[in-house]
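Topology and contacts: notes
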Amino acid sequence: MKATDLLKKQHKEVKALFKKVDDTENARQRRQLLDEISQSLEGHTLIEEEIFYPAVRGLETPKAEEMVLEAYEEHHVVKLILAELPLVDPEDERFEAKMTVLSELVEHHADEEEKEMFKTAQKLGKVELESLGRHMEERFEAFCRRASEAA
Ligand SMILES: [Fe+2]
Ligand SMILES: [Fe+2]
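Report on the accompanying structure. These numbers were taken from a predicted model, which means no experiment stands behind them. (Residues numbered from 1 in each chain as written. Chains lettered and ligands numbered in written order. Predicted model: local features only at pLDDT ≥ 70, side-chain atom pairs only at ≥ 80, totals over all residues. Heavy atoms only, no water.)

Some thoughts on the coordination of the iron ion (ligand 2)
Basically, it comes down to this: Coordination shells were defined by N, O and S atoms within 2.8 Å of each metal, extended to 3.2 Å for Na, K and Ca; water is absent from the atom set, which can make sites look incomplete. Every angle between 85 and 135 degrees makes a four-donor site tetrahedral, while opposite donors more than 155 degrees apart, with all other angles between 65 and 115, make a four-donor site square planar and a six-donor site octahedral; other sites are irregular. Here a helix means four or more residues in a row that DSSP labels H or I, a strand means two or more in a row labelled E, and each is numbered from the N terminus. Any residue under 20% of the maximum accessible area for its type is buried, any over 50% is exposed, and the rest in between are partly exposed; the area is computed with a 1.4 Å probe on protein chains only.
For the iron ion (ligand 2), every protein donor is listed as H11 (NE2), H44 (NE2), E48 (OE) and E113 (OE), and the spread of their distances is 2.0 to 2.2 Å. Around the iron ion (ligand 2) sit 4 donor atoms; with metal-centred angles ranging over 85 to 174°, the donor geometry is irregular. Between consecutive donors of the iron ion (ligand 2), the numbers of intervening residues give the motif H-x32-H-x3-E-x64-E. The distance between the iron ion (ligand 2) and the iron ion (ligand 1) is 3.2 Å, with E48 acting as a donor to both metals. With H11 in helix α1 (residues 3–23) and H44 in helix α2 (residues 27–57), this residue pair connects regions lying 33 residues apart in the sequence. The exposure class assigned to H11 is buried, which follows from its relative accessible area of 5%. Accessibility expressed as a relative area gives 6% for H44, which makes it buried.

Here you go:
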């Protein structure tokens, strides 16, 4: 699968998880969904930062450079919120507010990637995108295995 298609698929999956959190009032379920969201986002940002962004940056255009730098900063904010979430009780009124902010942030970030960065990334060519995609998929799976072993 092309790297850009893999990332788009993961964006869709995480958006669906946010929707599920919205649809349940059950604190235990919310906590579980939240753990799933955290793990998906951690794995997703990891393969972007380790593999995909450096490849886009390698295109060496000012636009690619600017988009990648901005994306790293957005990931940074996402990680700050993720780090706080385990400390918030799902029944606390702040839980919902934090989830909304996180979900809006992720949505905005993912849309920008898809509309701008992934378009630019097509310049890497189909063969390179397929090869990056395979590499990223393996890296993502290894990350998830390690995370579930640690849990
Ligand atoms: Fe990203
Ligand atoms: Fe992404």
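A short note on the coordination of the iron ion (ligand 1)
Distances from the iron ion (ligand 1) to its protein donors, namely E48 (OE), Y53 (OH), H75 (NE2), H109 (NE2) and E113 (OE), fall within the range 2.1 to 2.5 Å. Written as a sequence motif, the donor arrangement for the iron ion (ligand 1) is E-x4-Y-x21-H-x33-H-x3-E. Accessibility expressed as a relative area gives 8% for H109, which makes it buried.

Here we look at the packing of aromatic side chains
Using the following cut-off: For this analysis, a ring pair means two rings from Phe, Tyr or Trp (six-membered ring only for Trp) whose centres lie within 6.5 Å, classed as stacked if their planes differ by under 30 degrees, edge-to-face if by over 60, and tilted for the remaining angles.
Across all of its chains, the model carries 3 aromatic pairs by this definition. For the ring pair F52 and F118, a centre distance of 5.5 Å and an interplane angle of 85° mean the geometry is edge-to-face. With F52 in helix α2 and F118 in helix α4 (residues 93–121), the pair connects residues that are 66 residues apart, well separated along the chain. This pair shows no difference in class: F52 is buried, exactly as F118 is. Where Y53 meets Y72, the ring centres are 5.3 Å apart and the plane angle is 85°; that geometry is what we call edge-to-face. Placement of the pair is Y53 in helix α2 and Y72 in helix α3 (residues 62–84), with a sequence separation of 19 residues. Since its relative accessible area comes to 0%, Y53 is described here as buried. One aromatic cluster is present, built from ring pairs that chain together F52, Y53, Y72 and F118.

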